[in-house]
Amino acid sequence: MGWQGEEENGKAVWILHAQAPLVSPQSWPPQLPPAQSEIMKVVNLKQAILQAWKERWSDYQWAINMKKFFPKGATWDILNLADALLEQAMIGPSPNPLILSYLKYAISSQMVSYSSVLTAISKFDDFSRDLCVQALLDIMDMFCDRLSCHGKAEECIGLCRALLSALHWLLRCTAASAERLREGLEAGTPAAGEKQLAMCLQRLEKTLSSTKNRALLHIAKLEEASSWTAIEHSLLKLGEILANLSNPQLRSQAEQCGTLIRSIPMMLSVHAEQMNKTGFPTVHAVILLEGTMNLTGETQSLVEQLTMVKRMQHIPTPLFVLEIWKACFVGLIESPEGTEELKWTAFTFLKIPQVLVKLKKYSHGDKDFTEDVNCAFEFLLKLTPLLDKADQRCNCDCTNFLLQECGKQGLLSEASVNNLMAKRKADREHAPQQKSGENANIQPNIQLILRAEPTVTNILKTMDADHSKSPEGLLGVLGHMLSGKSLDLLLAAAAATGKLKSFARKFINLNEFTTYGSEESTKPASVRALLFDISFLMLCHVAQTYGSEVILSESRTGAEVPFFETWMQTCMPEEGKILNPDHPCFRPDSTKVESLVALLNNSSEMKLVQMKWHEACLSISAAILEILNAWENGVLAFESIQKITDNIKGKVCSLAVCAVAWLVAHVRMLGLDEREKSLQMIRQLAGPLFSENTLQFYNERVVIMNSILERMCADVLQQTATQIKFPSTGVDTMPYWNLLPPKRPIKEVLTDIFAKVLEKGWVDSRSIHIFDTLLHMGGVYWFCNNLIKELLKETRKEHALRAVELLYSIFCLDMQQVTLVLLGHILPGLLTDSSKWHSLMDPPGTALAKLAVWCALSSYSSHKGQASTRQKKRHREDIEDYISLFPLDDVQPSKLMRLLSSNEDDANILSSPTDRSMSSSLSASQLHTVNMRDPLNRVLANLFLLISSILGSRTAGPHTQFVQWFMEECVDCLEQGGRGSVLQFMPFTTVSTTFLALLLVLGPRRSPWSREGPPSPWDSTPTTSHPASSISVCGRCRNW
């Protein structure tokens, strides 16, 4: 039977299918005269689809035969394959599953474009057929969140228009489903309509939640204004129908979709605001990092780091200063109540003005910098919500205090200060009420910190006096320091002004002085015990809050180490430090231990006269072990244990601290069923005192003791799943502890938190502490390698650059070690493995080159200085043995050179230049002036040797392009005046090989910068093969 046409919406096709004789695939399709029109091609396409359905071809069998039957000249979109498949599939009341499988296969194998499928779907308008509508929604669900187009500009515009048509269709379908639901509610059968409406809203939400899809719709709106008008009408109609909908979840979902649609016309203006933003996340994160974790760091190192960031990122001075103030206010607002809040207050109002004073010296002129600071404050005053929030948190006018401090330091003129104060005062009149009845009479922390600064100086002078002449007067000063939050205020002020180390040294001397007293009566003995106890507790508190490095003195040959330093290094639990309970420091003279055990067990109260407190602190661990053994063997009852623990903490709290320090180390070594008695003893030592205390300032000392014990026990209690309730002061003493979510791999946590930080565009204090914990747990290589992998996933230039800024600030947690890993392990691995070269393409490759140069410059400019407190206290793993990685003997090939020469036969594996060693590649002056025993110097020298090897090889690809970006960034940062150039490690031959490599990549073409002129030297020898003819070009870069 012949073709009967397409009357009545394709019914004739079904007649053909019913009556036509079976045709084998080998004899199909029938030969058509060349004069047939395009309509006949569509007819043949429909015949092929029906033949496939009749013979029940599988989806891949159908695709093979279609490609075999139809010529390659015309694309499937021109033949309207998607339209034909949907037309045949949707003829009956339910969709044809086999023909739908052909369409899904065509979509998955990219036989048809997304735009043609969306256009075909938008032609369906019989929304009463539920099964057909659901099938179309399922097809849209396959690709609506990953639309793409590979082709000419017209095809890309076609995708935008098709998406706009599909959006209109979805709105019409949603409106029809809502109308049916309303009718069903009136008739009492709402189930069917509600299900279809939920499906429509789900596809709408999925399509519109993609920023890329909304951008495509915005383009289509500009192209098709009339179609957008139709969408707005459909949206209004849908809103009217859904207004009376009883299901709140569906109504909320519909409102959210409507909001997304209405936001599409505003996308350009919102994007323009984001592109012109004045935020610099690196500066923000560096300030947050210093304020949160390194208050005791040297001001000069922070100034140098900020100056380098400013130069590398070309930040104007007013915006640079503005970003510093913004970060300070954000830190103040989000800092936890208690010690952290005081530290941030001291950092903002005491340390940062000193930092700006030093930055002023780096500027071209005092007048210019003063104007820049004034301009920064003008910008800051426009951030009214930020300032109002800070004022509310600090219970005062923060900007007023800040302006006063800047005026005192000469950063602002008096006229500028008065002008800015007046502007802020006018703004505050419209701000919410700052003070409530509860805190109206509470002094702001800012005032207290500013008053604490001169008090620190006075206390240091008092501590310089002879302790033996007026111990009672000194005790009164120390007792006043213990009241309320005075100690934390003084310590924060001392840390921010660089006086904390001197402060700690004075207390170490005091503690050493009070360890032993001869020929003393009861009252001097009690004063000496109190001075010892207070100084011991203060030093423990300083070590836990600001790091033990603040306590340690510089090593001096032959000098006697003070008792507290010895005890802290060998006996005090710290994060990352595992103590051995059987260490000799815990096993003093047995006679002293026996006398101490007898004193604790038999006496009604602790003996004070002629007590050697340092010996008691060192002997208490062995005494506790004896008491534990007696308790476990039934010699001592619980009442005796309670009496002993009361004696330990009843007079001198430092004995309880030393006892718990040993118990923490002891519990780690015990089995699960052996820990009960030790943990019970910790509970007794941390609990309330059951007897009366007779020494002064006991309650104040107990508050500090409990804070110290809680920090000491935190790790072991978590590991043993034990809970001990320490007396609470109403403030979280460990706000940044235990931030990692339980039962999640740390790699997932790392990628999760980095994705959130990248989405926000800045790092907050909590994220910094999570990154620091992950760095500590996973190690430097694991941490750096996984974050670099996240960077290489970025495919958009602006996102990659933002990731670089954030990663640089995250790497500041331990810049020295991260740089060694990045330049010594990760980059060589990427550059020498051809399977990873694709990851170095632009934009992630450019971003990685920028990050590597920034890290190299920062580390090289500061690696001769002192490591910061946060870097020193971290436990080092053994993988960073850079002397063995890059040995000094150039005759012995390093691991890197062995890697480079591992497979000389493979053209894609770089081979090392056998005639070039490190000594021959560097100049004589370089070898004499550079200390090649320094790990960073060796890593830099070997990296540039690898770069020279890459440029001298015969393989071009993304790795050679990466080398070019790396060198360009080095030169760019050098031009910005960066201190200490890493280019001094570059071999002499690198410049010439760079030039030759670029010429080779250009191929046989003439130099692009000389269109006319004398011929190239290569052109004068036409019979000789071109030097570029031997180059092996990576397949991804043949169009490079």
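Please read these numbers as outputs of a predicted model, since none were measured by experiment.

Caption draft 1: How the structure looks around unusual backbone geometry. Note the cis peptide between Asp-842 and Pro-843, where omega equals 10 degrees. Relative to the assigned elements, Pro-843 resides in the loop between α38 (815–832) and α39 (844–862). At Arg-56, a residue that is not glycine, the phi angle is positive and equals roughly 55 degrees. Summarising the element assignment, Arg-56 is placed in the loop between α2 (38–54) and α3 (59–69). Positive phi, normally seen in glycine, also occurs at His-314, with a value near 55 degrees. In this fold, His-314 is placed in the loop between α15 (299–312) and α16 (317–334). Residue His-314 is classed as partly exposed on the basis of its relative accessible area, which comes to 44%.

Caption draft 2: Structural detail: the packing of aromatic side chains. In the structure shown here, the tally under the stated rule is 17 aromatic pairs. On the basis of an interplanar angle of 35 degrees and a centroid distance of 5.4 Å, the ring pair of Trp-325 and Phe-377 is categorised as tilted. Of this pair, Trp-325 sits in helix α16 while Phe-377 sits in helix α18 (residues 366–381), placing them 52 residues apart in sequence. In terms of burial, Trp-325 and Phe-377 fall into one category: buried. A ring pair is formed by Phe-503 and Phe-507, whose centres lie 5.1 Å apart and whose planes are at 45 degrees; its orientation type is tilted. On the criterion of helical spacing, the pair formed by Phe-503 and Phe-507 is a turn pair, its members being four residues apart in helix α25 (residues 500–513). By relative accessible area, Phe-503 is classed as buried at 3%. Residue Phe-507 is classed as buried on the basis of its relative accessible area, which comes to 2%. Ring pairing ties together the aromatic residues Phe-532, Phe-536, Phe-563, Phe-564, Trp-567 and Trp-613, which thus form one cluster. Lys-343 extends its terminal NZ or CZ atom over the ring of Tyr-546, reaching a point 5.1 Å from the ring centre.

Caption draft 3: Up close: the pattern of salt bridges. The tally for this structure, following the rule as stated, stands at 26 salt bridges. With its nearest N and O atoms 2.7 Å apart, the salt bridge here joins Lys-206 to Asp-141. Of the two residues, Lys-206 is situated in helix α9 (residues 191–208) and Asp-141 in helix α7 (residues 130–141); the sequence distance between them amounts to 65 residues. Look at Lys-206 and you get partly exposed, because its relative accessible area is 28%. We note a salt bridge from Arg-424 to Asp-388, for which the minimum N-O separation is 2.8 Å. In this pair, Arg-424 is assigned in helix α21 (residues 414–428) and Asp-388 in helix α19 (residues 384–394), connecting sequence segments 36 residues apart. When its relative accessible area of 13% is taken as the criterion, Asp-388 is described as buried. Salt bridges sharing common partners tie together Asp-388, Asp-391, Asp-397, Arg-424 and Arg-428.

Caption draft 4: Molecular detail of the packing of helix α14 (residues 281–293) against helix α17 (residues 339–362). Remark: α14 packs on α17, axes separated minimally by 8 Å, with the N-to-C direction vectors making an angle of 120 degrees. One element, α14, and the other, α17, form an angle in the oblique class. For the pair α14 and α17, the sense of crossing is right-handed. Contact residues: Ile-287, Leu-288, Glu-290, Gly-291 and Thr-292 in α14; Glu-340, Lys-343, Trp-344, Phe-347 and Ile-352 in α17. Per-class residue counts for the contact of α14 with α17 are five nonpolar, two polar and three charged.

Caption draft 5: Focus on the confidence of the model for the protein chain. Model confidence for the protein chain is summarised by a mean pLDDT of 77, while 77% of its residues fall at 70 or above. The spread of mean pLDDT over the elements of the protein chain runs between helix α1 (residues 7–19), the lowest at 35, and helix α36 (residues 780–792), the highest at 94. Within the model, pLDDT remains below 50 along residues 271–277, and this stretch shows one contact once partners closer than five positions in the same chain are excluded. Note on residues 1001–1040: pLDDT under 50 across the span, and 41 contacts to partners over four residues away in sequence or across chains.

Caption draft 6: How the structure looks around the nonpolar core. Membership of the largest hydrophobic core comes to 238 residues, with the highest contact counts inside it found for Trp-567 and Phe-811. Looking at which element gives the most residues to this core, the answer is helix α26 (residues 522–546), with 15 residues. Sequence-distant contacts of Trp-567, defined by excluding residues within four places in its chain, comprise Phe-536, Cys-540, Met-572, Leu-618, Val-657, Cys-658, Ala-661 and Met-712. Ranked by size, the runner-up nonpolar core spans 80 residues in total, among them Leu-100, Leu-197, Leu-201 and Ile-264.

Cut-offs applied
- Residues numbered from 1 in each chain as written.
- Predicted model: local features only at pLDDT ≥ 70, side-chain atom pairs only at ≥ 80, totals over all residues.
- Heavy atoms only, no water.
- Helix = DSSP H or I, 4+ residues; strand = E, 2+ residues; numbered from the N terminus.
- Buried < 20%, exposed > 50% of the residue type's maximum accessible area, 1.4 Å probe, protein only.
- Phe/Tyr/Trp six-rings, centres within 6.5 Å; stacked < 30°, edge-to-face > 60°.
- Lys NZ or Arg CZ within 6 Å of the ring centre and 35° of its normal.
- Salt bridge = Lys/Arg side-chain N within 4 Å of Asp/Glu carboxyl O.
- Axes fitted to C-alpha atoms, helices over the stretch in contact; angles between N-to-C directions.
- Parallel < 35°, antiparallel > 145°, perpendicular 65-115°, else oblique.
- Left-handed = near helix turned anticlockwise from the far one by under 90°.
- Contact = heavy atoms within 4.5 Å.
- Nonpolar A, V, L, I, M, F, W, Y, C, P; charged D, E, K, R; others polar.
- pLDDT = per-residue confidence, 0-100.
- Core = buried A, V, L, I, M, F, W, Y, C linked by side-chain atoms within 4.5 Å.

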